[in-house]
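Tertiary structure, described
Below, each chain spelled out in residue letters.
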Amino acid sequence: MCSSKQYWESRFDGLNPENYDFSQSKPLTELVDFCHKHLHPGETVLDLACGGGRNSHFLAESGYQVYGVDFSESAIEFCRKRFSRFSLPGVFKVGSMDHIPFPDRSFGAVFCIAAIDHVRYEAAQKAIGEMRRVLKPEKLMLLTFDPLDTDQDIADQAELLDDRSLNFIKGEHRGLIFHPYIDNEIRTLVGNDNITVFEYLEDGSRLVVSR
Ligand SMILES: C[S@@+](CC[C@H](N)C(=O)[O-])C[C@H]1O[C@@H](n2cnc3c(N)ncnc32)[C@H](O)[C@@H]1O
């Protein structure tokens, strides 16, 4: 049995930021636009499920106070070494998106890019509540959801769970969870009344900005 955590650990394990080629590690373009539009200089921001830190890196270089959380210890270790290599300030913590390890009202923005559809539906519901808890009043979260057809070609390597999540039990994605959200499900999950932006990106991902 391979868990989702083991799957993500294996993606970052053994990668060395000291000699890693970061030239392809670019932030999500729409996150850059969001920052220009909504953030004050020096704002405190959370990159939730930060992975290898491509968005955190941009945010720190842009002068925001960056906090990163991921449940993969190897991803967090990678980000710490990455920030050290580029002499960037930032705080990285191991933690799960459904129990964010920060107090209420800590952040001026929360980003959760390409990650909330990699947990089961119930955990995603908790994660949305947690993001709202750690946001300062009136501040925004930015989320993306992968295209519906992501991993469709290897869907036969997954079992369908009772909440409609795919659990990969074979092949190189063994352990991966992917919940293919239809648009209405995203609206239900996040709360339609809270959503200020819902748009399709070039690759078919859905971007949501929400209170
Ligand atoms: C596709 S990567 C995206 C990484 C990053 N946000 C980016 O845009 O490059 C998904 C990330 O979600 C993290 N993740 C998955 N489930 C998580 C959970 N329950 N809590 C925190 N992080 C989680 C994984 O470890 C992985 O780093």
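Shown above is the structure to which this text applies.
Throughout what follows, the structure given in this document is the object of discussion.

Moving on, we come to unusual backbone geometry. Of note in the backbone geometry, Glu-138 takes a positive phi value of approximately 70° without being a glycine. As for its position among the elements, Glu-138 is in strand S5 (residues 135–145). The residue Asp-151 is not glycine, and still its phi comes out positive at about 65°. Classification of Asp-151 as partly exposed rests on a count of 16 C-beta atoms within 10 Å.

Here three strands make up an open sheet; going across it, the order is S6-S7-S8 and the pairing antiparallel. Every interior strand has two partners, whereas the edge strands, strand S6 (158–160) and strand S8 (177–178), have only one. Strand direction decides the pairing type here: S6 and strand S7 (residues 166–168), joined by three bridges, are antiparallel. Residue pairing across strands places Leu-160 opposite Leu-166, the latter belonging to S7.

In the region of the ligand, 18 residues are neighbours, and Trp-8, Ala-49, Gly-51, Ile-113 and Ala-115 sit closest. Mapped onto the shell around the ligand, the elements with two or more residues apiece are helix H1 (4–12) and helix H3 (54–61). Class assignment for the residues of the shell around the ligand results in ten nonpolar, six polar and two charged.

The subject of this paragraph is the nonpolar core. Core analysis: the biggest nonpolar cluster contains 55 residues, and Leu-46, Leu-48, Val-110, Phe-111, Cys-112 and Met-131 have the highest contact counts within it. Dropping the residues within four chain positions of it, Met-131 is found in contact with Leu-48, Val-110, Cys-112 and Met-141.

The strand order S3-S2-S1-S4-S5-S10-S9 describes an open sheet built from seven strands, whose pairing is mixed. Two strands close off the open sheet at either side, each with one partner strand: strand S3 (91–94) and strand S9 (195–200). Strand-to-strand, the axes of this sheet are offset by a mean angle of 15°, without reference to chain direction. Relative to S3, strand S2 (residues 65–70) runs parallel, the two sharing four bridges. Within S3, the position partnered with Gly-68 by the bridge is Phe-92.

Conventions adopted
- Residues numbered from 1 in each chain as written.
- Predicted model: local features only at pLDDT ≥ 70, side-chain atom pairs only at ≥ 80, totals over all residues.
- Helix = DSSP H or I, 4+ residues; strand = E, 2+ residues; numbered from the N terminus.
- Buried ≥ 20, exposed ≤ 12 C-beta atoms within 10 Å, placed from the backbone.
- Pairing = 2+ DSSP bridges.
- Near = placed C-beta within 6 Å.
- Nonpolar A, V, L, I, M, F, W, Y, C, P; charged D, E, K, R; others polar.
- Core = buried A, V, L, I, M, F, W, Y, C linked by C-beta atoms within 7 Å.
- Contact = placed C-beta atoms within 7 Å.
- Axes fitted to C-alpha atoms, helices over the stretch in contact; angles between N-to-C directions.

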